[in-house]
Amino acid sequence: MRRAYFAPLLSFFILVGCSKMCSSGREDMTPEQVVQTYLDISLNMTKVEQKQDLMKLTTGNLKNALVQAPDDIITTAFIKQNYKLERYSVVERRDRTPRETEITFLLTYRNLGPDKKADPETAPKTTTENTLSVVKENGAWFIRDVLGKKTSIDFLLDEEIKAAPGPGIDEPVPEEATEEVVPETAPAP
């Protein structure tokens with residue numbers, strides 16, 4: 001008879017304990033975790049409906065941009081692209097107020113394009129450093145805006161590029177390449 005009471009009681013404690021420990025809500029996420037979650041979703045999207053997941057992490061200008069983006073733009077920008085993440089790190093956190101911070105992160109990835117069989121080693125490597133404004137609303141952090149962005153893209157070239165030979169130091173410059181410079185004279189007083 002004791003076993004009959006013990007099983008439901010044990011199940012209740014496991015359910016309550018796991019729901020508190022296993023599911024951390026949005027209120028428990030740090031600004032850095034919100035940024036990382038946004039990047040994880042955006043770099044791995046497989047369907048347009050995931051735009052809603054991005055919108056749950058945003059507010060202000062960034063959320064408005066997502067709301068106004070048509071499905072074909074979301075598909076082209078996120079779903080049809082294939083990325084291989086190489087590096088992600090938070091470079092700096094600047095707390096502006098207790099409810100507003102700026103997160104600067106560095107992201108390096110290979111853009112494999114729409115080809116799922118593309119070789120990551122030959123794909124263009126993109127390195128971007130972005131600064132995001134992250135604000136706390138209703139007890140949770142949201143990305144509000146992109147404040148600064150520096151991006152570089154490295155393409156691998158199949159052949160070496162060489163400069164065309166030009167005149168050497170001791171060689172005369174061809175006449176058609178010279179231009180006569182006539183000094184201006186000051187008007188007489």
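Residues numbered from 1 in each chain as written. Predicted model: local features only at pLDDT ≥ 70, side-chain atom pairs only at ≥ 80, totals over all residues. Heavy atoms only, no water.

Some remarks on the side chain of Thr101
Examined against the element boundaries, Thr101 turns out to sit in strand 2 (residues 100-113). A polar side-chain atom of Thr101 sits 3.0 Å from the main-chain carbonyl oxygen of Arg94. In contact with Thr101, not counting residues within four places along its chain, are Pro31, Arg93, Arg94, Asp95, Arg96, Leu132, Ser133, Val134 and Trp141. (Helix = DSSP H or I, 4+ residues; strand = E, 2+ residues; numbered from the N terminus. Polar contact = N/O pair within 3.5 Å; in protein donor to acceptor, adjacent residues only side chain to side chain. Contact = heavy atoms within 4.5 Å.)

Observations regarding the confidence of the model for the protein
Taken residue by residue, the protein gives an average pLDDT of 76. The fraction at 70 or more is 67%. For the protein, per-element mean pLDDT is lowest for helix 1 (residues 2-21), which scores 37, and highest for helix 3 (residues 51-55), which scores 94. Considering only residues more than four positions removed or in separate chains, one finds that residues 1-23, a stretch of pLDDT under 50, has 1 contact. (pLDDT = per-residue confidence, 0-100.)

What about the packing of aromatic side chains?
Applying the stated rule across the entire model yields 2 aromatic pairs. Seen from their ring centres, Tyr88 and Phe105 are 5.9 Å apart, and the 45° between their planes marks the pair as tilted. Of this pair, Tyr88 sits in strand 1 (residues 82-97) while Phe105 is found in strand 2, placing the two residues 17 residues apart along the sequence. Classification of Tyr88 as partly exposed rests on a relative accessible area of 23%. Under the relative-accessibility criterion, Phe105 is labelled buried at 2%. (Phe/Tyr/Trp six-rings, centres within 6.5 Å; stacked < 30°, edge-to-face > 60°. Buried < 20%, exposed > 50% of the residue type's maximum accessible area, 1.4 Å probe, protein only.)

Brief notes about the pattern of salt bridges
Scanning all chains against the criterion turns up 8 salt bridges. A salt bridge links Arg93 to Glu32, with the nearest nitrogen and oxygen atoms 3.2 Å apart. You can see Arg93 sitting in strand 1 and its partner Glu32 sitting in helix 2 (residues 31-43), a full 61 residues away along the chain. Take Arg93: its relative accessible area is 36%, and that puts it in the partly exposed class. (Salt bridge = Lys/Arg side-chain N within 4 Å of Asp/Glu carboxyl O.)

Comments concerning the pairing of strand 1
On a regular strand, each side chain points to the face opposite its neighbour's, so the side chains alternate between the two faces of the sheet. With 13 bridges joining them, strand 1 and strand 2 adopt antiparallel strand pairing. If you follow Ser89 over to strand 2, its bridge partner there is Leu106. Adjacent in sequence and paired antiparallel, strand 1 and strand 2 are bridged by 2 residues. (Pairing = 2+ DSSP bridges.)

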